[in-house]
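Descriptive analysis of the structure
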Amino acid sequence: MAKLRILYFAWLRERVGHAEEERVLPQGIGTLGELIAWLRTQHSGYEAAFSEPRLVRAAVNQAFAGQDAAISDGDEVAFFPPITGG
Amino acid sequence: MRRISVQAEDFDPGAEIAALQACAPGAGALASFVGVVRSDAAHPIMSMTLEHYPAMTVAAVERIAEAAGQRFALLGCTVVHRFGRLLPGERIVFVGTAASHRRAALEATEFLIDWLKTRAPFWKQEHLADGSSRWVAALAQDEADAERWSARPSPSERLV
C-alpha cells in the first residue's frame, strides 16, 4: 500500500484548500497522471485545481517530473503552477 | 566559488559584488543583475508575496548555477533570492558572476536570471489597492527566453 506526502503551492494550494496532506493510494495508481485523475474524483477543490492540466506542473522528491513519472511509497509529490521566479 | 542563498531578508548588491570579487582572484569581469518589485502607472500594486517550495528551492538554484558553470567559463557566481512579502522598489533577486572576460560574465548572468524565472520554484502573488490579490501568470516570453539557451549555443559557451 503506497502512502504519499502531497504538497500544493500558489493557486493550486488555494483551490485544494490545504498546503499538504498524506494520502494512501488505491491499487493501480503508479504515475503522476494517474494520481491526478484519482485526486480529481476526491472532491470539488481538486477538480478545480486540476481542471486546466496545461497550467499544472509537478515534482517528485523535489525534482521536476512529467505526467508519466512513476510514484511509489514514501514519495513527496508537489503540484504547482508554472514558475514565476526571478 | 558559488554562493546560493534563499532568504526573507534584503541583501546589499555592493557587498555581494565585493564578496564575489574577493573569492575570484584573477577575474577580469564582474557582472550582476538585480530584480526589483515593479509597480508603475500601467500596473500599480501595493505589494507582492513570493511563495516558494522550501525543500526544493536551494537544490533547484544549485542545479541552475551548476548548469551555468558548465556552460560558461566562470570563476564564481552568486544567487540570492528572497521570499515573503515585498513592497514596490524592494529587491527580489541578485545574480552575480565573475569571469576572466566580460562576455562569459555577462552572458552567464543573463542565463542565470532566465533560468531562475522558469526553473526555480517561486510563485509571485500581487496585492492590489482594492484589496484583491492575483497570482502572476507565467509569460510565454519567459519560457522562450529560458529555452533559447538550449537552442542557440553562444560564442562564450564551453563545448562540453
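Predicted model only: the values in this text are computed from it and were never measured.

Here's the deal with the interface of chain B and chain A
At the junction of the two partners, chain B supplies 25 residues and chain A supplies 20 residues. Each partner contributes to the roughly 1,700 Å² buried at the junction of chain B and chain A, and carbon and sulfur atoms together form 61% of this total. Three residues, Y53(B), W123(B) and W135(B), lead the burial of chain B against chain A; their summed loss comes to 37% of the area buried on that side. The interface formed by chain B and chain A holds one salt bridge in total. Measuring nitrogen to oxygen at the nearest pair gives 2.4 Å for the salt bridge that ties E51(B) to R13(A). The tally of links between chain B and chain A comes to 13 residue pairs in polar contact (both at pLDDT 80 or more). Of all the secondary structure elements, the ones that give two or more residues to the side of chain B that touches chain A are β3 (47–52), α2 (54–71), β6 (91–99), α3 (102–119) and β7 (122–127) of chain B. Considering each element in turn, the side of chain B that touches chain A owes the most residues, five residues, to α3(B). Here the residues of the side of chain B that touches chain A sort into 16 nonpolar, four polar and five charged.

Some points on the packing of aromatic side chains
One pass over the full model with this rule turns up 13 aromatic pairs over all chains. With centroids separated by 6.1 Å and ring planes inclined at 70 degrees, the aromatic side chains of Y8(A) and Y46(A) adopt a geometry described as edge-to-face. One end of the pair, Y8(A), is in strand β1 (residues 3–8); the other, Y46(A), is in helix α3 (residues 44–49), and 38 residues separate them in sequence. Pair check on accessibility: Y8(A) and Y46(A) agree, each one buried. Between F9(A) and W123(B) the ring centres are 5.1 Å apart and the planes differ by 15 degrees, which places this aromatic pair in the stacked class. Of this pair, F9(A) sits in the loop between β1 and α1 (10–16) while W123(B) sits in strand β7, placing the two residues on different chains. Owing to a relative accessible area of 8%, F9(A) belongs among the buried residues under this scheme. Among the aromatic residues, those joined into a cluster by ring pairs are F9(A), F64(A), F80(A), Y53(B) and W123(B).

Digging into the side chain of T49(B)
Residues and elements named next belong to chain B. Relative to the assigned elements, T49 resides in strand β3. Among the polar contacts made by the side chain of T49, one reaches the side chain of H127 at a distance of 2.7 Å. Apart from the residues within four sequence positions on either side, T49 is in contact with G84, R85, W123, K124, Q125 and H127.

What to know about unusual backbone geometry
Residue and element names in this part refer to chain A. Even without being glycine, N61 reaches a positive phi, approximately 50 degrees. With respect to the helices, strands and loops of the structure, N61 is situated in the loop between β3 (57–60) and β4 (63–65). Phi is positive for Q62, close to 65 degrees, though the residue is something other than glycine. Tracing the chain through its elements places Q62 in the loop between β3 and β4. Overall, Q62 belongs to the partly exposed group, its relative accessible area being 24%.

Focus: the environment of F94(B)
Residues and elements named next belong to chain B. Of note, F94 is situated in strand β6. Look at F94 and you get buried, because its relative accessible area is 0%. For the pair F94 and A15, spaced 79 residues apart in sequence, the C-alpha to C-alpha distance is 11 Å. F94 has contacts with F11, P13, E16, I17, S32, F33, V34, T78, V79 and V80, leaving out every residue within four places of it along the chain.

Some details on the sheet that holds β7(B)
All names here are of chain B. Here four strands make up an open sheet; going across it, the order is β5-β3-β7-β8 and the pairing antiparallel. On the outer flanks of this sheet lie β5 (84–86) and β8 (133–135), each paired with one strand and no other. Along the sheet, successive strands turn relative to each other by an average axial angle of 25 degrees, direction set aside.

The rules we used
- Position numbers for residues start from 1 in each chain and track the written sequence from start to end.
- Throughout, the order in which chains and ligands are written sets their labels, letters from A for the former and numbers from 1 for the latter.
- Per-residue local features are limited, in this predicted model, to residues with pLDDT of at least 70; the limit for side-chain atom pairs, both in listing and counting, is 80 or more; totals at the level of whole chains, interfaces and linings are taken over all residues.
- Water and hydrogen atoms were dropped before computing side-chain values, which therefore reflect all heavy atoms in the structure.
- Residue contacts follow a heavy-atom distance rule, with two residues in contact if any of their heavy atoms lie within 4.5 Å.
- Buried area is understood as the total, over both parts, of accessible area removed when two parts are fitted together, assessed with a 1.4 Å probe.
- We count a salt bridge whenever a side-chain nitrogen from Lys or Arg sits within 4 Å of a carboxyl oxygen from Asp or Glu.
- The definition of a polar contact used here is a pair of N or O atoms within 3.5 Å, where within protein one atom must be able to donate a hydrogen and the other to accept one, and adjacent residues in sequence count solely through side-chain atom pairs.
- Strands here are runs of E lasting at least two residues and helices are runs of H or I lasting at least four, both read from the DSSP assignment and numbered beginning at the N terminus.
- All residues other than Ala, Val, Leu, Ile, Met, Phe, Trp, Tyr, Cys, Pro, Asp, Glu, Lys and Arg, Gly among them, are scored as polar; the first ten of these are nonpolar and the last four charged.
- In this analysis, rings of Phe, Tyr and Trp, with Trp reduced to its six-membered ring, are considered paired at centre separations within 6.5 Å, and the interplanar angle assigns stacked below 30 degrees, edge-to-face beyond 60, and tilted for intermediate values.
- To sort residues, take the accessible area from a 1.4 Å probe on protein chains only and compare it with the maximum for the residue type: under 20% means buried, over 50% means exposed, and anything in between is partly exposed.
- Strand pairing is assigned whenever DSSP detects at least two bridges linking the two strands.
- A fitted line through C-alpha atoms represents every axis, and for helices the fit uses only the stretch in contact; the resulting angles, taken between N-to-C directions, go from 0 to 180 degrees.

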